[in-house]
Each structure stands twice: as structure tokens, then as C-alpha cells.
Amino acid sequence: MTRVMFRNAMIWDGTGADAFPADLLVDNGRIVTIARTPGQLSGEGTTTVECRGMTLMPGLVEGHAHISFGGAIKDSDLGLIPPEEHLLLTMRNAKTLLDHGFTSAYSAATSKLRLDIVIRNEINAGRLPGPRMRAGSPEITVTGGLGDERQQHMYHESFGMIADGVEEITKAVRLCCREGADNIKINISGDDLSPAAHGGLTVMSEAEVMTAVSVARDFGKKINCHARAAGSVKRAVKCGVDVIYHCESADEEALDALESAKDRIFVGPAIGIIYGTLYEGEPFGFTHEMAVKFGMQRILDDSRKVYTELRKRGVRALIGGDYGFAQTPQGTNARDLKHFVDLLGYSPSEALQCGTRLGGQVMGLGDELGMVKEGFIADLLLVNGDPLKDLDMMVHEKNLIVIMKDGELYKDQSASVASQRQAA
Ligand SMILES: [Zn+2]
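Just so we're clear, the structure is a prediction, and the values are computed from it rather than from any experiment.

J.: So what about the packing of aromatic side chains? Which residues, and what values?
T.: Under the criterion given, the structure shown has four aromatic pairs. Here phenylalanine 69 and phenylalanine 159 contribute two aromatic rings whose centre-to-centre distance is 5.7 Å and whose plane-to-plane angle is 15 degrees, an arrangement assigned as stacked. Of the two residues, phenylalanine 69 sits in the loop between strand 6 (60-65) and helix 1 (75-80) while phenylalanine 159 sits in the loop between strand 9 (136-141) and strand 10 (160-162), which places them 90 residues apart along the sequence. Across this residue pair, the class does not change: phenylalanine 69 and phenylalanine 159 are buried. Between phenylalanine 69 and phenylalanine 325 the ring centres are 5.5 Å apart and the planes differ by 85 degrees, which places this aromatic pair in the edge-to-face class. Separated by 256 residues along the polypeptide, phenylalanine 69 in the loop between strand 6 and helix 1 and phenylalanine 325 in the loop between helix 10 (296-312) and helix 11 (335-342) bring together distant segments of the chain. Taking the relative accessible area as the measure of exposure, phenylalanine 69 reaches 1% and is therefore buried. According to the relative accessible area criterion, phenylalanine 325 is buried, its value standing at 9%.

This is how it looks when you write it as C-alpha cells:
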């Protein structure tokens, strides 16, 4: 383990406080000292990173990761990828996320049962670059739900794992637990692009949701859900789901339910895919008119209302916009930060906290991950600029001068910044 000193940084610590100048020492994977008076720390025996007033901040946490998704136009495209290619794709995506400053990823779902799991294991063993991961299960869905692409006369694979009734749900969740998933995913509502069940329908029964949650709990796992319809949001809260994605159709009763559980749950608007389909889908066959017809503008408008309300009520929201589809390529995940500001009304500081401090909490490591604090895990980014003034800069790899994960320097271009500044 290396000792690393960051000298002359502007630290944005993830609490929401203003950035402050300091030196920071990392040892044995942890942030050990933050010295607000520069020059207090000795650089002896350390690798020193000259920060030159650049912003040092927590590593980003992708709160709705699909690291096994890549380039899909239709959901069923993911089902067409053979397992061997799919594993390689997932491996490349994991590196892409880390290259773009995501030092952690909370999986919203995988598209084949063991993809997230094996990549997480390889990353943990130090054999592959990638974020620290909570591996997801496939999307457990009922017949006719989101992720069931079958036709009566013909089988089609997608990202779903189809299970109906208490017995099959029990078995599906147990299977995912046996194979090593950290997060179980269930699709409670339909989806606007899904052939049989649109987003306004709540298609997984209360008994099925209750069963999934209870089995996940038995195995000590977290549970996420896809929930667009108001009824599905209420069912998720009532049954004890941990992370409730989408929620844009939440009515007053659903908002009250989410607020009542705010110390326990997280929500995630997954807004990137909605924006991407509306405005950047044309090359992939989604004209703006089609996207509007499929409800994307309504979802965007509803999301703004609902997330404004949830923010006021103190419900914790996560960044992560279903990156991994054609219109939301992996590596552009940090666009969600600016989307939170432009589309949902968050302040830049609030949006960044959704991508750092709250991310640490959803990873189950709230007291040691997601902030720049003494004793915390040293997952750090040194960025060339002020993200609070320009969140768009977080999307571009070239602005991430240092990426540190677990106290190890994964990327360090601080020396070339020094020589560029000297030349200028
Ligand atoms: Zn998703």
C-alpha cells in the first residue's frame, strides 16, 4: 500500500460545505489526515501529488449501474449477445466506468445472471480494473412484464428472469442469492417501451413483491425495483424495497409513502435515458416525435414535479440514468449530474452529493465511503476545474487528473498538468 500526499488541493468533501484549501494524506487505503493549514504534513515517504489548487473530491458512485448493458437499441438486443462476448463487454464497461471517475457502482440489474458477479469478483481480486461493485441480479419480472419479450410461438431472450407466483419468485431470488448477487431487482410496474405492460400498470402482485423482499432479507441482500406507476411505488414502500427507481408517476399518497420511509429508502429517476431518447435517439431510430408518442416528454415533465417534491421532503435520490443503451453510452454516466440540475431542479452541490455521499450510503458504506473525511476509504478524484461551476466537465476523462480507488493511484496525470501550466 502506498502513502500518498495530495498537496495544495481545494477539497470539496461531499457534505455540501464549500470547498476549502488543504493538504491530505492517504495511507493504507484510507484518508488519514486532512490538514487545513498547508505545509503541516510531511511528505516524507510519500508519493506526492501536486494539486495546484485543483478540486479534490470523492469518487463518483453510479447509483443505477447496468455494467453488462452496451449499445442496445431494444431490450431484446441484450438477449442476443452470446455469453462469451457478453462477459467481455461487461469487463470493458467496468473499466470504462472507472476511467470516467466512477469508483463505485450500485448495480440496478445485470442482463445475465452471473455477469455482474464474476466481474465484481475479478475486480475485488485485483485482476481487473473497475469500480467497487454491488452486483445485481437480473430483472425478476412476471409473465408479460418488462423484460419478458417472448411470443407465444417463439422464445426470445431479454434481460428479464421470468417468475410468476410466490413459489417461482422465491426460487428465482434464492437462485440469485446462491450465485452471489448483492442486490436483487424486481420489476413491479411495466414500462412505456415494453410491449404488453406499459408504465402505468402495476403488474407484480403484492404477494410476489412481499416474497421477493422477504427472501432477499433472509439472505442479507438489498432489493431494488422498477416502479413507474403510482401503485407500484406504494407497493414497493409497503413491502420494504430498498431502492425504488423511476417513481415519476407518484401521486400524493405515493409521495407521502416515500417520505415516511426516507431514512430507509433511496429513489433514482434514471433520467439520462429519458433525455437521450427524446433528444439524442435519432441515429438509433427514435425520432423526437416517436419518443414523445412513447411518453418520454410526459415522463420528463412528471419527473421534474415529483423529484422537486421528493427533494423538498428530504428523500435521498441517486444519479444513474440507465447508461448502457445506444442513446446512453457507458462512460457518459456523469451526464446525470447536470441533468439533475437542468431537468430536475437540483443545485450543483445537491446533484454532486447524490453522486457521492448518498452513493456511499446506498453502497452500505455510509460511514466510510462517499466523502472526503478522515478515516474514510480513499476513493478520490482530482479534477481540473470547479465542478460546482460547470458540472459538464465531470463527463470528460481529460478533466479527471487523478483517479484513486482504495488508496491506489489508478490514474495520475498531475505531473503533465504541471508541465502544461509551465509551458503556458
Ligand atoms: Zn435500469
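J.: Account for the layout of surface pockets, naming residues and giving values.
T.: To find the voids left in a structure, one rolls a probe of water-molecule size over its atoms. Size it by volume and the largest pocket reaches roughly 560 Å³. Lining the largest pocket are 30 residues; nearest its centre among them are Ile73, Asp75, Asp191, Leu193 and Phe325. When contributions to the lining of the largest pocket are tallied by element, the ones reaching two or more residues are helix 1 and helix 8 (271-279). With three residues, helix 8 is the largest single contributor of residues to the lining of the largest pocket.

Rules used in this analysis
- Residues numbered from 1 in each chain as written.
- Predicted model: local features only at pLDDT ≥ 70, side-chain atom pairs only at ≥ 80, totals over all residues.
- Heavy atoms only, no water.
- Phe/Tyr/Trp six-rings, centres within 6.5 Å; stacked < 30°, edge-to-face > 60°.
- Helix = DSSP H or I, 4+ residues; strand = E, 2+ residues; numbered from the N terminus.
- Buried < 20%, exposed > 50% of the residue type's maximum accessible area, 1.4 Å probe, protein only.
- 1 Å grid on protein atoms, 1.4 Å probe; cavity = no way out; pocket = protein on both sides within 12 Å on 5 of 7 lines; lining within 4 Å.
- Points joined across faces, edges and corners; volume = space filled by probe spheres on them.

The quantities given are spatial measurements derived from coordinates; they are silent on function.
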